[in-house]
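Topology and contacts: notes
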Amino acid sequence: MAKYRNESLGVVSVGGQFAAPKQTLEVDDKAPGLARLVKRGVLAKIDGRAKSEKPAEKAEQPQQKAAE
């Protein structure tokens, strides 16, 4: 069983469960049609990390041109 989030704008049915938009549900990894929904981007697997644990973006440093 793994958690998946509905990324579509409609209701999704997978593994005998329904998920409204932006709702997460726990589904068996062998549920029929699950792989196809993930491949299409309708469902996204939740890996358990908090949203605040995003990798730090590289700070852009302004480049100074040499005075000629």
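Shown above is the structure to which this text applies.
Parameters at a glance
Residues numbered from 1 in each chain as written. Predicted model: local features only at pLDDT ≥ 70, side-chain atom pairs only at ≥ 80, totals over all residues. Heavy atoms only, no water. Helix = DSSP H or I, 4+ residues; strand = E, 2+ residues; numbered from the N terminus. Buried < 20%, exposed > 50% of the residue type's maximum accessible area, 1.4 Å probe, protein only. Contact = heavy atoms within 4.5 Å. Areas by Shrake-Rupley, 256 points an atom, 1.4 Å probe, with all protein chains shown as cover. Pairing = 2+ DSSP bridges. Polar contact = N/O pair within 3.5 Å; in protein donor to acceptor, adjacent residues only side chain to side chain. Core = buried A, V, L, I, M, F, W, Y, C linked by side-chain atoms within 4.5 Å.

Take the overall build of the protein chain next. Along its length, the protein chain carries 1 helix and 5 strands. Listed N to C, the secondary structure of the protein chain is β-β-β-β-α-β in terms of helices and strands. Each of the 68 residues in the protein chain was classed as buried or not, and the buried ones make up 19%. For the protein chain, the share of sequence-separated contacts (at least 6 apart) that also reach a separation of at least 24 residues comes to 44%. Of the roughly 6,100 Å² that the protein chain leaves accessible, carbon and sulfur atoms contribute 50%.

Side chains of strand 4 (residues 24-27) alternate between two faces, with Leu25 and Val27 buried and Thr24 and Glu26 left unburied. Looking at chain direction, strand 1 (residues 2-6) and strand 4 are connected through 4 bridges and run antiparallel. Opposite Ala2, over in strand 4, you have Val27 as the bridge partner.

So, on to the side chain of Asn6. With respect to the helices and strands, Asn6 occurs in strand 1. For Asn6, the side chain forms a polar contact with the main-chain oxygen of Gly10, separated by 2.9 Å. Setting aside residues no more than four positions away along its own chain, Asn6 makes contact with Val11, Val12, Ala19, Ala20, Pro21, Lys22, Gln23, Val42 and Leu43.

What follows concerns the nonpolar core. Listed in full, the 12 residues of the largest apolar core are Ala2, Tyr4, Val12, Val14, Ala19, Leu25, Val27, Ala31, Leu34, Leu37, Val42 and Leu43. Of all the secondary-structure elements, those providing two or more residues to this core are strand 1, strand 2 (12-14), strand 4 and helix 1 (34-40). If we ignore the near neighbours within four places in the chain, the residues touching Leu34 are Tyr4, Val14, Val27, Asp28, Asp29 and Leu43.

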